[in-house]
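Coordinates in review
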Amino acid sequence: MIDFHTHSNASDGALSPSELLNRAAEAGIKAVALTDHDTIAGFASVSESVPLGVRLVSGVELSCQWGKVGIHIVGLGFDATSGGLVAHLNGLDSARLQRAEMIAHRLDQKGMPGALAGAMAVAAGAQIGRPHFARWMVMNNHVKTEAEAFKRFLGKGKVGDISTVWPDLQQTVGTIVEAGGLAVLAHPLKYRLTATRLNALCAAFVTAGGAAIEVINGRPGPGETDRLMSLAGAHQLLLSVGSDFHREGEYSAGLGVDTARFPSGSGIWERV
Ligand code: AMP
Ligand code: MN
Ligand code: MN
Ligand code: MN
């Protein structure tokens, strides 16, 4: 049992980094990467106090762009003090703040004033993201649920979906590699690309220095893991797996993935 894709309240997860590690220890998970969106603050806060029996791997989920498509790259096993990585993360802090200002401006135009201060208060020092806006919109009765906030205002193609502010794929993968880490293409099927475009994305990812693709993210649909394992094989990429845990809930996967079904030598967990 391992988990190489998890979120804490340093980004848009519900648990603190230490709560998350304690849960992982209780669940008998051997190795965990805390992969918060565009920040390693949570990882840094617990890296010296990991519960017995769990191995904490350095991790992050970096927002980037491939052409106009927003892509997530998970970085694993890097040196968290790498100057290039720290500079990249500082750039992402600014990009997220700028994007938050743009989202708030657009929500203001839709009759929802005060969204920036509101979402920042919800984030409470965490890396700001759309889920914090969604929470604020529920708290202020603009929508009934966070799902509705995404569906009407924040999701793909809606006013709060601003996708032109991230660094490009090549630079993002390069930053992880230069920091001594391995880059993983997160949830390849979530980008809703055609098979041809998904192959082109994998090719670009390999050229940039990518190491693996996620074949399990949360709860895969029927056949998805097999399809992704073939894709990995076609591009000579390793496999990675993770729950993408954000919080306890009916629709989200629990912590931990069993790696027993994967052929020996195929997993990034054998290299990190
Ligand atoms: P951001 O990182 O600010 O672009 O926000 C994206 C995050 O919002 C994802 O990592 C998910 O945790 C969450 N998210 C994306 N789509 C939805 C949705 N339809 N409903 C609820 N949460 C979502
Ligand atoms: Mn998230
Ligand atoms: Mn993601
Ligand atoms: Mn994630």
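Structural data are supplied above this passage.
Residues numbered from 1 in each chain as written. Chains lettered and ligands numbered in written order. Predicted model: local features only at pLDDT ≥ 70, side-chain atom pairs only at ≥ 80, totals over all residues. Heavy atoms only, no water.

Ligation of the manganese ion (ligand 2) by protein atoms is provided by D12 (OD), H37 (NE2) and H246 (NE2), these donors lying 2.1 to 2.2 Å from the ion. For the pair the manganese ion (ligand 2) and the manganese ion (ligand 3), the metal-to-metal distance amounts to 5.9 Å. Placement of H37 in the loop between β2 (31–33) and α2 (41–46) and of H246 in the segment after β8 (238–242) is noted, with a sequence separation of 209 residues between them. Like H246, H37 is buried. (Donors = N, O, S within 2.8 Å, 3.2 Å for Na, K, Ca; no water. Helix = DSSP H or I, 4+ residues; strand = E, 2+ residues; numbered from the N terminus. Buried < 20%, exposed > 50% of the residue type's maximum accessible area, 1.4 Å probe, protein only.)

Attention shifts here to the pairing of β8. Extensive coverage of β8 is indicated by the burial of five of its five residues. Where burial is concerned, the two faces of β8 agree: the one with L238, S240 and G242 and the one with L239 and V241 are both buried. The pairing of strand β7 (residues 212–217) with β8 spans five bridges and is classified as parallel. Directly across from I213, in β8, lies its bridge partner L239. Traced from β7 through helix α9 (residues 224–234) to β8, the parallel crossover comes out right-handed. (Pairing = 2+ DSSP bridges. Right-handed = clockwise from strand over helix to strand, strands pointing away.)

What follows is about the site of ligand 1. Around ligand 1 sit D12, H37, R96, R99, G129, R130, P131, F150 and H246, and that is every residue in its neighbourhood. Contact between ligand 1 and R99: an oxygen atom at 2.4 Å from a side-chain N or O atom of the residue. Here an oxygen atom of ligand 1 sits 3.0 Å away from a polar atom, N or O, in the side chain of H246. The fraction of the free accessible surface of ligand 1 (500 Å²) that becomes covered by protein chains is 66%. (Near = heavy atom within 4 Å. Polar contact = N/O pair within 3.5 Å; in protein donor to acceptor, adjacent residues only side chain to side chain. Areas by Shrake-Rupley, 256 points an atom, 1.4 Å probe, with all protein chains shown as cover.)

Read across the open sheet, the five strands follow the order β4-β5-β6-β7-β8; overall the sheet is mixed. Across the chains shown, the open sheet's two edge strands, defined by having one partner strand only, are β4 (59–66) and β8. Each strand axis lies, on average, 40° off the axis of its neighbour in the sheet, ignoring direction. Judged from the four bridges that link them, strand β5 (residues 69–76) and strand β6 (residues 182–185) form a sheet pairing that is antiparallel. Each residue of the ladder has a partner; that of G75, found in β6, is A183. Contacts from helix α7 (residues 169–178) reach β4, β5 and β6, with the element oriented near 5° to β5. In the packing of α9 onto the sheet, the strands contacted are β7 and β8, and the crossing angle to β7 comes to about 175°. (Axes fitted to C-alpha atoms, helices over the stretch in contact; angles between N-to-C directions. Contact = heavy atoms within 4.5 Å.)

It is worth spelling out the sheet that holds strand β3 (residues 55–57) at this point. Taken in spatial order, the three strands make up an open sheet running β1-β2-β3, and their pairing is parallel. Of all the strands in the sheet, just β1 (2–3) and β3 have a single pairing partner and so form its edges. As defined by bridge partners, β2 adjoins β3 across three bridges and the pair is classed as parallel. Of the residues in β3, the one forming a bridge with A31 is R55.

Around the manganese ion (ligand 4), the protein contributes the donor atoms H5 (NE2), H7 (NE2), E61 (OE) and D244 (OD), at 2.1 to 2.2 Å from the metal centre. Counting the intervening residues between successive donors of the manganese ion (ligand 4) yields the motif H-x1-H-x53-E-x182-D. Between the manganese ion (ligand 4) and the manganese ion (ligand 2) there is a metal-metal distance of 4.7 Å. Here the residue H5 occupies a position in the loop between β1 and α1 (17–26), and D244 occupies one in the segment after β8, the gap between them amounting to 239 residues. Given a relative accessible area of 0%, H5 falls into the buried group. For D244, a relative accessible area of 12% translates into the label buried.

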